[in-house]
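# Analysis of the macromolecular model
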Amino acid sequence: MNILQIDSSVLGDHSASRSLTAQVVADLVAKNPTATVTVRDLDQDAPAHLSGALLPVLGGPKDGLNAVQEAELQRTEAFLKEFLEADVLVVGVPQYNFGIPSQLKSWIDRIAQAGRTFRYTEKGPEGLAGGKRVIVVSSRGGVRADASALDLHEQTVDVVFRFLGITDITYVRAHGLAFGPDAREAALAAARGEVAALNDGAALAA
Ligand SMILES: Cc1cc2nc3c(=O)[nH]c(=O)nc-3n(C[C@H](O)[C@H](O)[C@H](O)COP(=O)(O)O)c2cc1C
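Rules used throughout
- Residues numbered from 1 in each chain as written.
- Predicted model: local features only at pLDDT ≥ 70, side-chain atom pairs only at ≥ 80, totals over all residues.
- Heavy atoms only, no water.
- Axes fitted to C-alpha atoms, helices over the stretch in contact; angles between N-to-C directions.
- Helix = DSSP H or I, 4+ residues; strand = E, 2+ residues; numbered from the N terminus.
- Parallel < 35°, antiparallel > 145°, perpendicular 65-115°, else oblique.
- Left-handed = near helix turned anticlockwise from the far one by under 90°.
- Contact = heavy atoms within 4.5 Å.
- Nonpolar A, V, L, I, M, F, W, Y, C, P; charged D, E, K, R; others polar.
- Near = heavy atom within 4 Å.
- Polar contact = N/O pair within 3.5 Å; in protein donor to acceptor, adjacent residues only side chain to side chain.
- Areas by Shrake-Rupley, 256 points an atom, 1.4 Å probe, with all protein chains shown as cover.
- Salt bridge = Lys/Arg side-chain N within 4 Å of Asp/Glu carboxyl O.
- Buried < 20%, exposed > 50% of the residue type's maximum accessible area, 1.4 Å probe, protein only.
- Pairing = 2+ DSSP bridges.
- Right-handed = clockwise from strand over helix to strand, strands pointing away.

### Here's the deal with the packing of helix H1 (residues 16–31) against helix H6 (residues 181–198)
In contact at an axis separation of 10 Å, H1 and H6 are set at 20° when each is read in the N-to-C sense. The orientation of H1 with respect to H6, classified from their angle, is roughly parallel. Note on packing geometry: the crossing formed by H1 with H6 is right-handed. Contact residues: Ala16, Leu20, Gln23, Val24 and Asp27 in H1; Arg184, Leu188, Ala191, Arg192, Val195, Ala196 and Leu198 in H6.

Encoded structure:
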């Protein structure tokens, strides 16, 4: 089993999502000792934002790239390889200003490539990266006003992963983290319980 852990929080050791992605992965490895784990820290090693200069890297002919573009191509190919080879993705998705961290958006901009992770057909777009499990660790200071809806940061990753063909998406939530120390600890404890329940049994074995 190949596990890809993706962290995007900018809060380092104080990050809620990082502590929880680490727990999810540790539990997975405990149950699947032969699993390989790849960790992508999108804060420590942030991909450049999508730009005009980056477009040739993401599609089209690859000859004539300058040195910067060539380096970005190598990095993009590494992202794609890790993503495509992963059986399980454990993704930390904090809510920053209502959306996902821009570092995570930049990663999505690298891996969402026509002909690689999705394609257009006569019937519409088709994901090419199915058969994976995604565990999203969703963290935020506030709470959802509408408990029946996904938050915007969750909606974004949900739409993207489904577009790429992934239907097995589970959410672990630590919300209301900004409502004081007691509320934070309660939210983290509840999320740790969700992780334990998630990894209970052989459901994740692959
Ligand atoms: C720059 C920034 C923007 C934030 N914006 C929001 C927000 O829009 N909604 C919210 O509920 N919490 C917001 N928060 C609080 C974070 O969601 C909260 O700190 C959470 O713990 C982030 O997850 P992390 O600890 O893994 O980074 C924001 C925090 C930061 C640092």
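Additional details are given in the paragraphs that follow.
### Concerning the packing of helix H3 (residues 67–85) against helix H4 (residues 102–111)
Packing of H3 against H4 brings their axes to within 9 Å, and their N-to-C directions diverge by 85°. Viewed along their axes, H3 and H4 adopt a mutual orientation that is roughly perpendicular. Residues Glu72, Arg75, Thr76, Phe79, Leu80 and Phe83 of H3 form the contact with H4, whose own contacting residues are Trp107, Arg110 and Ile111. Among the residues forming the contact of H3 with H4, the class breakdown is five nonpolar, one polar and three charged.

### Regarding the site of the ligand
The local shell around the ligand holds 15 residues, among which Ser9, Ser17, Tyr96, Asn97 and Ser139 are the closest. Ala16 has a polar backbone atom sitting 2.8 Å from an oxygen atom of the ligand. Considering the ligand on its own, with 620 Å² of exposed area, one finds that the protein chains cover 76% of that surface. Residue composition of the shell around the ligand, by class: six nonpolar, eight polar and one charged.

### A look at the pattern of salt bridges
Summed over all chains, the structure comprises 14 salt bridges. A salt bridge links Arg162 to Asp158; the nearest nitrogen and oxygen atoms lie 2.7 Å apart. Here Arg162 pairs with Asp158, and both are found in helix H5 (residues 152–163), just four residues apart, close to one helical turn. Given the relative accessible area of 40%, Arg162 is considered partly exposed. Within this structure, Arg40, Asp45, Arg75 and Glu82 form a network of salt bridges that share partners.

### Some points on unusual backbone geometry
Phi angles above zero are rare outside glycine, and Asn97 is one such case at about 45°. Positionally, Asn97 belongs in the loop between strand E3 (88–94) and H4. Of note, the phi angle at Phe98 is positive, near 75°, even though the residue is not glycine. As for its position among the elements, Phe98 is in the loop between E3 and H4. Taking relative accessible area as the criterion, Phe98 reaches 58% and is therefore assigned exposed.

### Observations regarding the sheet that holds strand E6 (residues 133–139)
One open sheet holds the five strands; their spatial order is E2-E1-E3-E6-E7, and the pairing between them is parallel. Each having just a single partner strand, strand E2 (36–41) and strand E7 (168–174) make up the two edges of the open sheet. Across the sheet, the mean angle separating the axes of adjacent strands is 15° when strand polarity is ignored. When E6 meets E7, the two strands line up parallel, connected through seven bridges. Looking at the pairing, Arg133 lines up with Asp168 of E7. Here H1 sits on the sheet in contact with strand E1 (2–7), E2, E3, E6 and E7, set at roughly 165° to E3. Sitting on the sheet, H4 touches E1 and E3, and the angle it makes with E3 is about 140°.

### As for the pairing of E7
Summarising burial for E7: five of the seven residues are buried, a large majority. Crossover E6 to E7 through H5 is right-handed.

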